[in-house]
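# What the coordinates show
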Amino acid sequence: MPGAHLPAGERGLGAVRRARTVPRGVCVTRTGLSREQLEAIVNQTGQGIVLLDRQCRVVYWNRFMEMRSARRASEVIGRSLFELFPELPENWLRKKVESVFVLRNVAFTSWLERPYLIRLQHNRPITGGVDCMRQDTSFFAVSGADGEPEYVCVAISDATDTALYDARLREALAKVEELSERDALTGWYNRRRLEELLTAEANRAQRYGTPFSIILFDLDHFKDVNDTHGHLAGDEILKETTQRVRGHLRVCDMCARYGGEEFLIMLPQTSEKDAAGIAERIRTSVASEPIACDDVTVPITICLGVCDYARTGGGPQHMIECVDKALYAAKRGGRNRTVLYSALEPSSGPEPVGCA
Amino acid sequence: MSFSTLTEDHYDALREIVNIAMGQASAGLAALFDTRVMLHVPDIALTEASSLATELAAVAPKEARQAAVRQAFFGGLNGEAIVLHARTGADLASSLLGYEGPCTEAAEREFYLDTSNMLTGAILGGLTKQLSIDIGYSPPTLLSLQTKAPALARECGQGWEYALRVSIVFRLESHQFECRVLIFLPENAGSALYDALERFLEEYA
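All figures in this text were calculated on a predicted structure; none of them were measured in a lab.

## Quick word on the overall build of chain B
Of regular secondary structure, chain B possesses six helices and eight strands. Taken over the C-alpha atoms alone, chain B extends approximately 50 × 35 × 25 Å along its principal axes. The buried share among the 205 residues of chain B stands at 54%. The contacts in chain B between residues at least 6 apart in sequence include a share of 75% that link residues at least 24 apart. Within the structure as shown, chain B displays about 8900 Å² of accessible surface, and the carbon and sulfur contribution to it stands at 51%. The positive charge centre, built from 14 side chains, and the negative charge centre, built from 26, are 8 Å apart in chain B.

So this is what it looks like as structure tokens:
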């Protein structure tokens, strides 16, 4: 078990610097097992076992290592690990081995941060889809006869299967997110779903001649907010703002995240005039009280563009183009205001519905 | 609550043991890093899961968001360590561990895992050696790269009521690196701790 030392008086397993004179089969350990039996266990275990001296020369190389590296123990014993595997990060590994000698602790690496320690073949050449073995490793000191650390043992576990499962899971989650309707942060519809809903509502408005309006809004100076408070706070501010906006809408109104800080609200059975009123309510609600997130409160204002299907006609794409023009006019007009598409005149500036 | 059997003598002994362990730890780490290592006076207290959020907030480094690493230990004593790192100074300090080149996110994560493992192992190693206890360690894992006290407490406050907590601040002045090691001994470690401290007191009292 990592951290446990062999009792004083025992040499490390497989130390080959001097020929051993103990006859075969003799019990040499406190466990009552013979040296051959212990060595058989080390060779059958599903882990790579490598013993290094303080200069990182190989002292022991078990059968797992022989088979997966295609190098026999006789070829590697006594040689520097860095000579055998030149691509190893020498500085880092020497430090790691040294730290175990000095601190006499157990050190670890995980495939999550460091895909492998030593590049070895993995066991799934046909089905794996990965270039080499992924590894979890542990490093621990093995004492000499004097009870002082003599070697560092590196135990290497094959984590390729785990890594593959993890990769498949992430792929599946990414697909689920793609297919889902919702934006993860705000819970509002995502862009994909928005386009479907907008098309459906526009068709309904055309077929039945019912009013249908949309509002496009975004947060003023949001890039500055991100720069000042950080992106995580920025995300929370988006979330809080959208929650506050939602509170002013009816159940049948549909809200979607159109872009990074741009949002679109679909208001079925609503004329442009009524939509303008809702837009103003939303605008003043956001502007009236700063948004609280964590331990900061941030004053936020929004710009809104409003248009209705009757006035724009055309398909959903055209509606979005029109409402986008209205939003742009609101920005140009000084922000924190609502602009109606219908009020946009080619020659003169737009009449804002309301502003701060 | 099994820690109720611990007397003032036990707590005093534990404080002394932790101090000695820290001294040994800082000597070992100073030798390894070749730089001055500051380990501050430890704080040992009984802690409740319900007040974990407040406690964590009180000891959070000045940076709002921290990296949090956890690691379990088992054997003669069982428990879990949580190490909180301010997310500054990793670039500088990682050169001590032999990292080269630009600091990728994977390298930063590994750096927090490695330093946490070293500190936890050094402190617990010194502690258990004095108590003549043998323990083993699980590999450390990252709880979060950017967490704040309330979120961390929510994640870590499940499934237990009381624990003994040893809190140690570790600092490398020359490299602007600071972190806090929190070692938790859950209730079921109470009797093992009691026995070990009793033995210690008998030997040295």
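## Quick notes on the confidence of the model for chain B
Parts of the model with low pLDDT should not have their predicted coordinates read in detail. All names here are of chain B. Residue-level pLDDT values for chain B average 85, and 95% of them are 70 or greater. Mean pLDDT per element in chain B: helix H3 (residues 90-94) is the minimum at 72, and strand E5 (residues 135-137) is the maximum at 95. Among the scores for the predicted complex, ipTM is 0.88 and pTM is 0.70.

## Observations concerning the interface of chain B and chain A
Counting from both sides, the interface comprises 26 residues of chain B and, opposite them, 22 residues of chain A. Both sides of the chain B and chain A interface together cover about 2000 Å² of buried area, and 55% of this is carbon and sulfur. Taken together, the links from chain B to chain A amount to three salt bridges. The salt bridge involving Asp114(B) is made with Lys96(A); its shortest N-O contact spans 2.9 Å. Where chain B packs against chain A, one counts six residue pairs in polar contact (both at pLDDT 80 or more).

## Focus: the packing of helix H8 (residues 222-229) of chain A against helix H9 (residues 231-246) of chain A
Residues and elements named next belong to chain A. One way to put it is that H8 packs onto H9 with a least axis distance of 7 Å and a crossing angle of 130°. Between H8 and H9, the interaxial angle falls into the category oblique. For the pair H8 and H9, contact is made by Phe 222, Val 225, Asn 226 and His 229 and by His 231, Ala 233, Gly 234, Ile 237 and Leu 238, respectively.

Cut-offs and rules
Residues numbered from 1 in each chain as written. Chains lettered and ligands numbered in written order. Predicted model: local features only at pLDDT ≥ 70, side-chain atom pairs only at ≥ 80, totals over all residues. Heavy atoms only, no water. Helix = DSSP H or I, 4+ residues; strand = E, 2+ residues; numbered from the N terminus. Buried < 20%, exposed > 50% of the residue type's maximum accessible area, 1.4 Å probe, protein only. Contact = heavy atoms within 4.5 Å. Areas by Shrake-Rupley, 256 points an atom, 1.4 Å probe, with all protein chains shown as cover. Lys, Arg positive; Asp, Glu negative; His and termini not counted. Charge placed at Lys NZ, Arg CZ, Asp CG, Glu CD. pLDDT = per-residue confidence, 0-100. Buried area = accessible area lost by both parts, 1.4 Å probe. Salt bridge = Lys/Arg side-chain N within 4 Å of Asp/Glu carboxyl O. Polar contact = N/O pair within 3.5 Å; in protein donor to acceptor, adjacent residues only side chain to side chain. Axes fitted to C-alpha atoms, helices over the stretch in contact; angles between N-to-C directions. Parallel < 35°, antiparallel > 145°, perpendicular 65-115°, else oblique.

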